[in-house]
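Observations on the model geometry
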Amino acid sequence: MDNNNNNNNNNNNNNNNNNNNNNNNNNINEDEIIFNNYINNYSNYLNNKGISALDLLIKDRDGNNNIITFCSEIDRMLNGGIPLKKITEICGVPGIGKTNMAFQLLVNTSIPFDLGGVQGKAIYIDTEGSYSCQRVREMATHLVDHLECVLLKNPITQTTFIPTIETVLNSIYYYRVYHYIEIISLIHQLPLFLEKNKDVKLIVVDSITYPFRCDFKDMGLRTRSLLSLAQSLMNIATRYNLAVVVMNQVTTKISPNQKESILVPYLGESWTHICTYRMVLFWKQKQRFCHLYKSPSFKSCFTPFDIVEYGIRDVGFNHPPPLNPEDRQQNRQQLEKEKQNNNNSSNNNDENEMYIEN
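Calculation rules
Note on numbering: residues in each chain are counted from 1, in written sequence order. At least 70 in pLDDT is required for a residue's local features to be given in this predicted model, at least 80 for side-chain atom pairs to be given and counted, and no such filter applies to totals for whole chains, interfaces and linings, which use all residues. As a convention, hydrogens and water are excluded, and side-chain values are obtained from all of the structure's heavy atoms. The term salt bridge refers to a side-chain nitrogen of Lys or Arg lying within 4 Å of a carboxyl oxygen of Asp or Glu. Helix and strand assignments come from DSSP, with helices taken as H or I runs of at least 4 residues and strands as E runs of at least 2, each series counted from the N terminus. Each residue gets one of three labels from its accessible area relative to the maximum for its type: buried under 20%, exposed over 50%, partly exposed in between, using a 1.4 Å probe on protein chains only. If DSSP finds at least two bridges between two strands, the strands pair. Interaxial angle, 0 to 180 degrees, is taken between N-to-C directions of lines fitted to C-alpha atoms, where a helix line uses only the stretch in contact. Note on definitions: a residue-residue contact is assigned when non-hydrogen atoms from the two residues lie within 4.5 Å. Throughout, a disulfide means two cysteine sulfur atoms within 2.5 Å of one another. Geometric relationships in this document are graded by angle, where less than 35 degrees denotes roughly parallel, more than 145 denotes roughly antiparallel, 65 to 115 denotes roughly perpendicular, and other angles denote oblique. Handedness of each helix crossing follows the sense of rotation of the near helix against the far helix: counterclockwise by less than a right angle gives left-handed, clockwise gives right-handed. Throughout this entry, Asp, Glu, Lys and Arg are counted as charged residues, while Ala, Val, Leu, Ile, Met, Phe, Trp, Tyr, Cys and Pro are counted as nonpolar. The remaining residues, Gly among them, count as polar. As used here, the term nonpolar core means buried Ala, Val, Leu, Ile, Met, Phe, Trp, Tyr and Cys residues forming a set that is joined through side-chain atoms within 4.5 Å.

Describing the pattern of salt bridges
This model, assessed by the stated rule, comprises 5 salt bridges. For arginine 76, the salt bridge identified is with glutamate 73, shortest N-O distance 2.7 Å. Highlighted residues: arginine 76 and glutamate 73, both in helix H3 (residues 72–77), separated by 3 residues, approximately one helical turn. With relative accessibility at 34%, the residue glutamate 73 sits in the partly exposed group. The salt bridge involving glutamate 89 is made with arginine 278; its shortest N-O contact spans 2.3 Å. On the criterion of sequence distance, the pair formed by glutamate 89 in strand E3 (residues 87–92) and arginine 278 in strand E10 (residues 277–284) is long-range, its members being 189 residues apart.

Quick notes on the sheet that holds strand E7 (residues 243–248)
The strand order across the open sheet formed by 8 strands is E5-E4-E6-E7-E3-E10-E11-E12, and the pairing between neighbours is mixed. The sheet is open, and its two edges are formed by strand E5 (172–176) and strand E12 (301–304), each paired on a single side. If you compare each strand with its neighbour and ignore which way they point, the axes differ by 20 degrees on average. Sheet topology places strand E4 (residues 121–126) next to strand E6 (residues 200–206); 6 bridges connect them, and they run parallel. Across the sheet, residue tyrosine 124 finds its bridge partner in E6, namely valine 204. Across the sheet, helix H4 (residues 98–108) touches E3, E4, E5, E6, E7 and E10, and the angle it forms with E4 is around 155 degrees. Along the sheet, helix H7 (residues 180–196) contacts E4, E5 and E6; its crossing angle with E4, the most-contacted strand, is approximately 165 degrees.

Quick notes on the state of the cysteines
Evaluated as defined, the whole model comprises 0 disulfides. A disulfide-free cysteine, cysteine 71 has its sulfur positioned 7.8 Å from the sulfur of cysteine 290, the nearest such atom. With no disulfide of its own, cysteine 91 lies closest to cysteine 275 among cysteine sulfurs, the gap being 8.8 Å. The class for cysteine 91 is buried, based on a relative accessible area of 0%.

A few points about the packing of H4 against helix H5 (residues 133–153)
Following both chains from N to C, one finds H4 and H5 inclined at 50 degrees, their axes separated by 9 Å at the closest point. Considering their axes alone, H4 and H5 lie oblique with respect to each other. Seen along the crossing, H4 lies across H5 with a hand that is right-handed. Taken together, the residues of H5 that come into contact with H4 (itself represented by Asn100, Phe103, Gln104, Val107 and Asn108) are Arg135, Val136, Met139, Ala140 and Leu143. Here the contact of H4 with H5 is composed, by residue class, of 6 nonpolar, 3 polar and 1 charged.

Side note on the environment of phenylalanine 282
Along the chain, phenylalanine 282 falls in strand E10. Here the alpha-carbon distance between phenylalanine 282 and proline 94, two residues 188 residues apart in the chain, equals 9.8 Å. Once you skip the residues sitting within four places of it in the chain, phenylalanine 282 turns out to touch Ile96, Gln287, Arg288, Phe289, His291 and Phe302.

Notes on unusual backbone geometry
The omega torsion across aspartate 206 and serine 207 is -5 degrees, close enough to zero to call that bond cis. Checked against the element boundaries, serine 207 lands in the loop between E6 and helix H8 (219–239). Backbone geometry at asparagine 241 places phi at a positive 50 degrees, although glycine is not the residue there. Along the polypeptide, asparagine 241 turns up in the loop between H8 and E7.

Description of the nonpolar core
Counting 45 residues, the largest nonpolar core has Ile74 and Leu202 as its most contacted members. For this core, the element with the most residues is H5, which contributes 7 residues. Ile123, Tyr180, Ile184 and Val246 belong to the second-largest nonpolar core, a separate cluster that totals 34 residues.

Given below as structure tokens:
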């Protein structure tokens, strides 16, 4: 009897092991298929003869290709906001608002197409432990209130989707990394994730500096690692039509005569040539400013901005009072009623048109 029981237990264990192995093999096979498709698509991309400048211009004009910041002057400076398919670097001293800018972009990625947004999801890679759930929720709440007020005053279309606070928060994927090897590994595995989640429109790295500030015995290794990381991010931004935003810190640079010093972005000159856009945030007379330092399309300029309870805003922006839950529910009901009326009106128009044609 004991031998029979032992045999049965061994058989059960073998069956469980076989099931686990099958599940692992299925997962590995699925990842291999996605990775092979990615490699094949990239090979086909390289084998193409290219695209004309006119076709590229028309393609860039189609759809919404920018993520707004909610500061109209910064958006105007960038011709609509943070561009897709590009790497944008935002650097500045501690406390200037880099992380708040990142949070604002995360929630703004959920803005619907009809209201000038990209209606997508975002990835936040945290290297400093700066992520704040409360602050992101606060910005998401004010975003939803703002979108509902815009639709109530100017009903654009009856099919406009207004995200809820839970929808906005659920569209943000959070990753915490502690070492430069971890962030390199994560970036190289992102294509597997993006193949399954093609609605991701933003990747934020806050900050790119922190994992690489440790003492490298071989500075050439740091430069090669950064260049490889940047190349991967650029390929991801182009292939998946999304924006990449990296936060950078600043360091002190002493002049050759050692009589004066200036603050410059960290990571050296080689990193300067990697990012398509560079925005420098700085203080001037107790006011925050954003300086468009580098851009292939627009002239260098700077503009003031504010960070308030609602998030990133223009200086002197007239903030509406926040909505309480009852007002928010009332707005939702009014929007649903207007959509239903618009649907009924469109159906009546269709019937009249059909009747006239007959």
